[in-house]
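# Tertiary structure, described
One letter stands for each residue in the lines below.
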Amino acid sequence: MKQKISAGYIIGLVLVSLFAILCILPLIYMVAVSFTDSESLYIQLKDLRFNFSNFEYALTKRDFGTALKNSIIVVVGSCLLVDIVSTMAAYGFEKKPVPGKEALFQGYLATMMIPGQVILIPMFMMFNRAHMTNTYAALILPMVGAFGIFLMRQFMVAVPNELLEAAEIDGCGEVRRFVTIVLPLVQPALITLTIFTFNGAWNNFLWPLIINTKSEMRVLPVTMSTLSSNSTTNYGMVMAGATLTFLFPFVLYIFLQKQFVEGIALGGVKG
Amino acid sequence: MSSIVPSAQRKISPRRRKQAWIGAAYIAPSFVLMSIFNVFPIFLSIYYSFTKYNMASPPVWIGLENYAKLFSNRVLSEALVNTVRYVLITVPLQTVFSLLIAAFIAERMKNRYGSFLRSVIFIPVIVSLIASATVWNIMYQPKGGLINQILNAFGFDSVNFLGKKALALPSVAAVAIWKGTGYYMVIYYAGIMNVPADVQEAAIVDGASPMQRFWHITLPILKPITYMIVTLGIIGSFQVFDLVYKMTGGGPGRSTYTVAYVIYTFAFQDKNYGYASAVAICLLIAILLIHLIQTLFFKEKEDR
């Protein structure tokens, strides 16, 4: 189907392209400044150095190394926990005759409407009482949520019951059926869920800010927030920190772009 | 109940009962975690909202006192006004931008450049709010920030974006729009792709211009998605915290205090956990009301 090239088309093309430039300009600026050695307030192109001194400084002197390690531990832990718990729950909800499961599922979905600030204070008290502040568990355990279970259940529907029944008749045990039949079939959904959990855990800020206050237990966004970005700071080092924070999700996005976008579209259109 | 169940069904019940137990075992881990970290805290929060609690001593029941004090609190009412202003800036702009971009790319740019632009516009979505706030803070700097360097290059005076009361909130909102548009664009794009191609083709055959098709076909079909995006946008913007915390700290003055920021300061700076919980419960009620309105609105439109 051919379309005419009209003035409206050209204007639209220019506007959308301009918007795209506006979207990446701050990030290009971020990376550029992270490579400048500038003591002055004015960041200029002639200060561009193309060395990693700002990154070295941020990682070694400003605790970004520790924060990076903590963030990676929390993200890996969260992804494993959320993937396992959500897939198991989705399988139970979709394929097993548990009485009252639909009511429970609706209850799960209702929790998605609760804003984080509402449970912040009681969660803070609970973890304090349990002496679990400044632990990785404090950041990982609350990551399980209704969204993951909802997402996995959407895909669990497509797992054919006949296949499960046939395997059962062939003497394939319950656990083996789950691991060798169900898991491979829902793998695309697991990748989407992992991306979501990765982003959620990697970018989580308010909860880690209040619950893990010791500097050796901070995660990247919290360490990032402690660097002041007023005019007295070394912009290069601050931007190196921001670039590091951005780098990991960005690499993931480059490789798994389709799953990123499909996950959001699915959650959006159906939710 | 059991007497009503016909005997034929009761015979297969041992296997079914076993399956039910196995299913319960699969659901159990999520049930435990959801109960502890999602459901129980709500009730605890409701309880705290009726108490005076500073963590040094156990909570003291004071009935509705916290709620009574909410209405006379200047800080809170300012925060509420700021939050509503913030929602009114971000939600319309990010919704319109994401719709127009998605519609244009989906209908007029079915090529590699179109999908490239889509990928690029999505990139800010994956930047954490704190990193976004940091980068934009530096860009907004009155001395040497990128935006002011550009303004100066065109002969304009520098603007202190985050230091002026009138400008601080819109400047924070701009970052949210920058970060949010790509997200909603993806949802709109998926929605437009679900529109049957023959509807559009029939309109083209009938000689409808791209503008007419947008107004009379695309827009009406996307209505449910628009309701959802507006609701998600309002709820998300209503809870703005990270950007305010990092970019302005609520200032200058109290010009960027928002509801979520106020809950944080009441609780974790003033150690007034009971009072902060009362504010949080009001936030919960407000958000549930927004959901309810959307559901009713959506139902009514569906029925027609």
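Treat the numbers as computed from the prediction; the structure is a model and nothing was measured. (Residues numbered from 1 in each chain as written. Chains lettered and ligands numbered in written order. Predicted model: local features only at pLDDT ≥ 70, side-chain atom pairs only at ≥ 80, totals over all residues. Heavy atoms only, no water.)

## So, the overall build of chain A
Looking only at helices and strands, chain A has 14 helices and zero strands in total. Secondary structure elements of chain A, listed N to C terminal, follow the sequence α-α-α-α-α-α-α-α-α-α-α-α-α-α. Its C-alpha radius of gyration of 23 Å places chain A more than 25% over the 18 Å reference for a compact globule of 271 residues. Projected onto its principal axes, the C-alpha positions of chain A cover 75 × 65 × 35 Å. When each of the 271 residues of chain A is scored for burial, the buried share is 51%. Within chain A, contacts between residues at least 6 apart in sequence are counted, and of these 73% link residues at least 24 apart. Accessible surface, chain A: about 12400 Å² in total, of which carbon and sulfur atoms supply 66%. Between the averaged position of the 18 positive side-chain charges in chain A and that of its 15 negative side-chain charges there is a distance of 5 Å. (Helix = DSSP H or I, 4+ residues; strand = E, 2+ residues; numbered from the N terminus. Rg over C-alpha atoms; globule rule 2.2 N^0.38 Å. Buried < 20%, exposed > 50% of the residue type's maximum accessible area, 1.4 Å probe, protein only. Contact = heavy atoms within 4.5 Å. Areas by Shrake-Rupley, 256 points an atom, 1.4 Å probe, with all protein chains shown as cover. Lys, Arg positive; Asp, Glu negative; His and termini not counted. Charge placed at Lys NZ, Arg CZ, Asp CG, Glu CD.)

## Quick word on the interface of chain A and chain B
Contact with chain A, which involves 94 residues of that partner, is made by 91 residues of chain B. Summing both partners gives a buried area of about 8100 Å² for chain A against chain B, and 76% of it is carried by carbon and sulfur. Here chain A and chain B share one salt bridge between them. Salt-bridge contacts for E168 of chain A lead to R15 of chain B; the nearest nitrogen and oxygen are separated by 3.0 Å. Ranked by residue count, the leading element in the side of chain A that touches chain B is helix α1 (residues 7–34) of chain A, at 16 residues. (Buried area = accessible area lost by both parts, 1.4 Å probe. Salt bridge = Lys/Arg side-chain N within 4 Å of Asp/Glu carboxyl O.)

## Some words on the layout of surface pockets
The space that makes up the second largest pocket amounts to roughly 680 Å³. Considering the residues around the second largest pocket, the lining is formed by 22 residues, among which G8 and G12 of chain A together with L100, F104 and M211 of chain B are closest to the centre. Residue assignment for the lining of the second largest pocket shows that the elements contributing at least two residues are α1 of chain A together with α4 (74–108) and α10 (210–221) of chain B. Sorting elements by how many residues they give to the lining of the second largest pocket places α1 of chain A first, with nine residues. (1 Å grid on protein atoms, 1.4 Å probe; cavity = no way out; pocket = protein on both sides within 12 Å on 5 of 7 lines; lining within 4 Å. Points joined across faces, edges and corners; volume = space filled by probe spheres on them.)

## Focus: the nonpolar core
Counting residues in each nonpolar core, the largest one holds 170 residues, and the members touching the most others are I121 of chain A together with L243, M247 and F268 of chain B. At 14 residues, the largest contribution of residues to this core is made by helix α8 (residues 165–193) of chain B. Each of domain 1 (7–48) and domain 2 (68–303) of chain B contributes no fewer than three residues to this core. With near-sequence residues (within four places) excluded, M247 of chain B lies in contact with A133, W136, N137, Y140, L162, V172 and V175 of chain B. (Core = buried A, V, L, I, M, F, W, Y, C linked by side-chain atoms within 4.5 Å. Domains from an automatic or database assignment.)

## As for the packing of helix α13 (residues 235–255) of chain A against helix α6 (residues 129–140) of chain B
In contact at an axis separation of 9 Å, α13 of chain A and α6 of chain B are set at 150° when each is read in the N-to-C sense. Between α13 of chain A and α6 of chain B, the angle falls in the class roughly antiparallel. In the packing of α13 of chain A onto α6 of chain B, the handedness of the crossing is left-handed. Between α13 of chain A, through Y235, V238, M239, A242 and T245 of chain A, and α6 of chain B, the contact on the second element is made entirely by A131, T134, V135 and I138 of chain B. (Axes fitted to C-alpha atoms, helices over the stretch in contact; angles between N-to-C directions. Parallel < 35°, antiparallel > 145°, perpendicular 65-115°, else oblique. Left-handed = near helix turned anticlockwise from the far one by under 90°.)

## So, the side chain of S17 of chain A
Inspection of the secondary structure assignment puts S17 of chain A in helix α1. The residues contacting S17 of chain A, other than those within four sequence positions of it, are Y113 and L117 of chain B.

## Focus on unusual backbone geometry
Trans peptide bonds make up most of the peptide bonds, and negative phi angles are found at most residues other than glycine. Residues and elements named next belong to chain A. Backbone geometry at H131 places phi at a positive 55°, although glycine is not the residue there. Of note, H131 is situated in the loop between α5 (116–129) and α6 (136–140). In this structure, N134 is a non-glycine residue whose phi angle is positive, near 55°. A relative accessible area of 16% places N134 in the buried class.

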